[in-house]
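Here is what each chain is made of, one letter per residue.
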Amino acid sequence: MNIRPAVARDVDAVFAIRLKVTENRLSMAELAARGITKAAWFDWLKNGTGVWVAETGGAGGNVTGFAIALPKEATLWALFVDPEHAGQGIGAALLKTAEDWLFAKGCSEISLTTDANPKIRAHGFYERHGWVLTGDADGGQVEYVKAADIGMGLWADDMLDRPV
């Protein structure tokens, strides 16, 4: 698997993945109503948005997932994996790439929203990767947050002083 910054030619593969997902599924018309269009894709690539794709089969292989991060909002805005490639670590690799990038951009805490339905897989996925559900809900979506690990050394030292 290869994670790389997205380029213009990835647009069709990214939209194909977005239309294939089984959870948080939207039609092309629903995506367009939310401003998610191929024209917007080209704007994201130009305006400082973090956009990555995962390829299987090495560089130049098939695009099997993508992530989009917005540094001004400190948000992981999108993370989708082709359902045919689920469970192969693609989502985790894209998530780590986006998190690291957002933190490197100076975000001390980052957020994301996902479907509020507790049965969707996204909840377990984000929680396994250290995201915390805030309880904030709006329009059928819930928010997760994750803080930068800047105090990890202090936390580890503090843990040594605690009774077992």
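Residues numbered from 1 in each chain as written. Predicted model: local features only at pLDDT ≥ 70, side-chain atom pairs only at ≥ 80, totals over all residues. Heavy atoms only, no water.

### What to know about the pattern of salt bridges
Applying the stated criterion to the full structure yields eight salt bridges. Among the salt bridges present, the one from Glu-84 reaches Lys-20, with a minimum N-O distance of 3.2 Å. Separated by 64 residues along the polypeptide, Glu-84 in the loop between strand E4 (75-81) and helix H4 (90-104) and Lys-20 in helix H1 (residues 11-20) bring together distant segments of the chain. Judged by its relative accessible area of 60%, Glu-84 is exposed. For Lys-20, a relative accessible area of 32% puts it in the partly exposed group. Via salt bridges that share partners, Arg-4, Asp-10 and Glu-55 belong to a single interconnected network. (Salt bridge = Lys/Arg side-chain N within 4 Å of Asp/Glu carboxyl O. Helix = DSSP H or I, 4+ residues; strand = E, 2+ residues; numbered from the N terminus. Buried < 20%, exposed > 50% of the residue type's maximum accessible area, 1.4 Å probe, protein only.)

### Description of unusual backbone geometry
The phi torsion at Ala-74 lies on the positive side, around 50°, for a residue other than glycine. By relative accessible area, Ala-74 is classed as buried at 15%.

### Here we look at the environment of Met-28
Along the chain, Met-28 turns up in helix H2 (residues 28-33). Relative accessible area serves as the criterion here: at 35%, Met-28 is assigned to the partly exposed category. Between the C-alpha atom of Met-28 and that of Arg-18, which follows or precedes it by ten residues, the distance is 9.0 Å.

### Considering the confidence of the model for the protein
The pLDDT averaged across the protein works out to 85; a share of 89% of its residues lies at or above 70. Here residues 151-164 is a poorly scored stretch, pLDDT under 50, and it has zero contacts once near neighbours within four places are set aside; other chains count. (pLDDT = per-residue confidence, 0-100. Contact = heavy atoms within 4.5 Å.)

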